[in-house]
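Breakdown of the fold
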Amino acid sequence: MMDAQIEFYTWADRIAGEMQKRKVKKQVVHGMWTPSGYFHIGNARTELLIPGLVFQALEDAGTHAKFNFFVDDADDLDAVPAGLNLNAEDFKEHLGKPIYEAPSPDYSHETWADYFTAEIKDVMHEYGLKPKWHSSYENYHKGLYDDSITTALNSARKIRDIWVKITRSDKPENWLPVIVKCENCGRSGTTNATGWDGKHLSYSCTQDREYAKGCRHEGQVMPKKGNVKLPWRLHWPATWNIFKTTFESAGKDHFAASGSVDTGKVFSEEIFKYAPPLLVGGEFVQIKGKKISGSKGNAISLKQWLEFAEPELLRFMMISYQPQTVIEFDLESNKLFLLADRYDEAESVYFREKSLNEKRDNQLKREYTLSQTGKPAKMPQISYSIASMISQVYAGRSTEEIINLLESMGAIKNPGKKDAEKIIHRLKLAKTWVEKYAPEEMRINVRETASKEFVSSLNENEKKALDQLAGELDAYKKEGELQSRIYEIARENNVEPKRLFTICYQLLIGRDSGPRLGPFIMTIGKEKVKGLFGRAID
Ligand SMILES: [Zn+2]
């Protein structure tokens, strides 16, 4: 429980505090996503993690809350994303159909919506997220939106005026703010609603779109149970009213001037008579300076993340950046190492092994708490960068051998069974990272013997420096001290430090550069290093 007097240490707590000022029976937090393509960590930020973290902050503050996640599968499928193993031509006949009804791009699932949502359903609990799952398509078919649709039709004139005024676009005088599903061809993107007598809605399937042509059918329906839906600008505020939403975050594009946030707030108040929720715009997650796209190849999915990092690290990433801040991330630079280091630091502060200053400590502890997917339990205190080295150098060794090695390096102390499991898990994650994503210079293959040609190129000073380094290795227990000693040894023997580092890397891994040498020598093991150096000197 958080004290009401406490300073707000994270943005999620600040938002929760703001929400508590609204007198409601229950706080209702929403995330919403259209499954037209892949769900990636950028979607996860605004649609799952920001609301999920606000939900957690409310609960921690003793405020009862509800967390809903909506899959907007009543939307039309209007494009086939790249990267799918299917012939876009063959799929053309399904464009313009609701995502819920379009077939899956392969045989693994039944519908398009199933195909793109199965993974989220499957892994979100691993991130400690347990929202109530909603299919908008099913909600329409259950009749949950029937009243809102009638209200919209009866207020068509007023809605048109607001719409035209805010978006500065034009709409015909007799325009009706609903989308009818054609009874003949099953598409909704190609119809026009043409008349409303208070009970019956007339329509014609005469809109020609780039992706689909209307079938020219004309008909009349009673708008209920899914045969009619609302356009996004009304669907959104109608959803707030139906589910009594008090908080929602969405991609910042919705917040653009005259965007769906601007219209949504007015429609909510004026048409549905509901005070709009607190709305927060989430910035993008960028990979190498580019927005992640669900239809291109640069997306990292939630499932993929679990292959190379703990779920807590993604939660920590999201809570440690303000929602309005762009997050720059990629898997080829050291950004993952830095994220893991920041998380590990917060953990050390949480477990009182480290202290910065009171304010920062409190903030880190709170960020750490909100990052947990279960009860806070110490993770391995072996840094991700060391884990990436060890996973390569000691591939195939037993758990026991690796734990012994880490103890002898001073990396861990008296690990329990649980610690060991976590260490091995981090090593596994780091190994996947190395195999799938690491840049060439991070890949390590320790040599058995040095190349003869290289050894014959060494001069006397260089051999003396190596000999001295090999002789002194045992004296160093700390990686940092060893690292600075290598510079001194080079100078004492009139060798350029840079040259001595190159020689070491050449003898150890047959390359001119590699991971930080001090920790790397400790990782490979002093005996092995002495052997490799020794053979060069003899
Ligand atoms: Zn039609």
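The structure we're discussing is the one just above.
Residues numbered from 1 in each chain as written. Predicted model: local features only at pLDDT ≥ 70, side-chain atom pairs only at ≥ 80, totals over all residues. Heavy atoms only, no water.

1. Examining the coordination of the zinc ion
What counts here: Here a donor is any nitrogen, oxygen or sulfur atom (N, O, S) within 2.8 Å of the metal, with 3.2 Å used for Na, K and Ca; water is not among the atoms considered, so some sites may look incomplete. A four-donor site is classed as tetrahedral when every donor-metal-donor angle falls between 85 and 135 degrees; four donors are called square planar, and six octahedral, when trans pairs exceed 155 degrees and all remaining angles lie between 65 and 115, with any other arrangement labelled irregular. Only DSSP runs of H or I reaching four residues or more are called helices, and only runs of E reaching two or more are called strands; each is numbered from the N terminus. Throughout, exposure labels follow a simple rule: accessible area from a 1.4 Å probe, protein chains only, divided by the maximum for the residue type, with under 20% read as buried, over 50% as exposed, and the rest as partly exposed.
In this structure, Cys-182 (SG), Cys-185 (SG), Cys-205 (SG) and Cys-215 (SG) serve as the protein donors to the zinc ion, at separations of 2.3 Å. Coordination at the zinc ion comes from four donor atoms whose angles at the metal span 103 to 116°, giving a geometry best classed as tetrahedral. Considered as a linear motif, the donors of the zinc ion on their single chain read C-x2-C-x19-C-x9-C. Placement of the pair is Cys-185 in the loop between β4 (179–180) and β5 (192–196) and Cys-205 in the loop between β6 (201–204) and β7 (218–221), with a sequence separation of 20 residues. By the burial criterion, Cys-185 is buried, and Cys-205 matches it.

2. With respect to the pattern of salt bridges
Which entries qualify depends on this criterion: For this analysis, a salt bridge means a side-chain nitrogen from Lys or Arg found within 4 Å of a carboxyl oxygen belonging to Asp or Glu.
Within the structure shown, the criterion is met by 28 salt bridges. The partner of Glu-448 in a salt bridge is Lys-528, with the nearest N and O atoms 3.4 Å apart. Within this pair, whereas Glu-448 is found in the loop between α16 (417–436) and α17 (452–456), its partner Lys-528 is found in helix α22 (residues 526–537), the two being separated by 80 residues in sequence. Glu-448 sits in the exposed class, given a relative accessible area of 57%. Judged by its relative accessible area of 34%, Lys-528 is partly exposed. The partner of Glu-492 in a salt bridge is Arg-485, with the nearest N and O atoms 3.0 Å apart.

3. What to know about the pairing of strand β2 (residues 65–71)
Every regular strand shows the same layout, with side chains that alternate between the two sheet faces. Our working rule: The pairing criterion for strands is at least two bridges between them, as found by DSSP. Throughout, right-handed denotes a crossover for which the path from the first strand over the helix to the second runs clockwise when the strands point away from the viewer.
Taking burial as the measure, the seven residues of β2 include six buried ones, the bulk of the element. Pairing of strand β1 (residues 27–33) with β2, which is carried by seven bridges, proceeds in the parallel orientation. Across the sheet, Val-29 pairs through a bridge with Phe-67, a residue of β2. For the crossover that starts at β1, traverses helix α2 (residues 41–60) and ends in the parallel β2, the hand is right-handed. The pairing of β2 with strand β3 (residues 132–135) spans four bridges and is classified as parallel. Residue pairing in the sheet places Val-71 in a bridge with Ser-135 of β3.

4. Here's the deal with the packing of aromatic side chains
When we look at a pair of aromatic rings, we describe it by the centre distance and by the angle of the planes. Going by this rule: Note on aromatic pairs: the rings of Phe, Tyr and Trp (six-membered ring only in Trp) are paired at centre separations within 6.5 Å, and the planes decide the class, stacked below 30 degrees, edge-to-face beyond 60, tilted for the rest.
Evaluation of the coordinates by the stated rule reveals 27 aromatic pairs. For the ring pair Phe-316 and Tyr-343, a centre distance of 5.5 Å and an interplane angle of 85° mean the geometry is edge-to-face. Placement of Phe-316 in helix α11 (residues 311–320) and of Tyr-343 in helix α12 (residues 335–350) is noted, with a sequence separation of 27 residues between them. As far as burial versus exposure is concerned, Phe-316 and Tyr-343 are alike and both buried. Centre to centre, the rings of Tyr-384 and Trp-433 are 6.4 Å apart; their planes meet at 80°, and the pair counts as edge-to-face. Of the two residues, Tyr-384 is situated in helix α14 (residues 384–393) and Trp-433 in helix α16; the sequence distance between them amounts to 49 residues. Taken individually, Tyr-384 and Trp-433 each receive the classification buried, so the pair is uniform in this respect. Taken together, the ring pairs connect Tyr-38, Phe-91, Trp-112, Tyr-115 and Phe-116 into an aromatic cluster.

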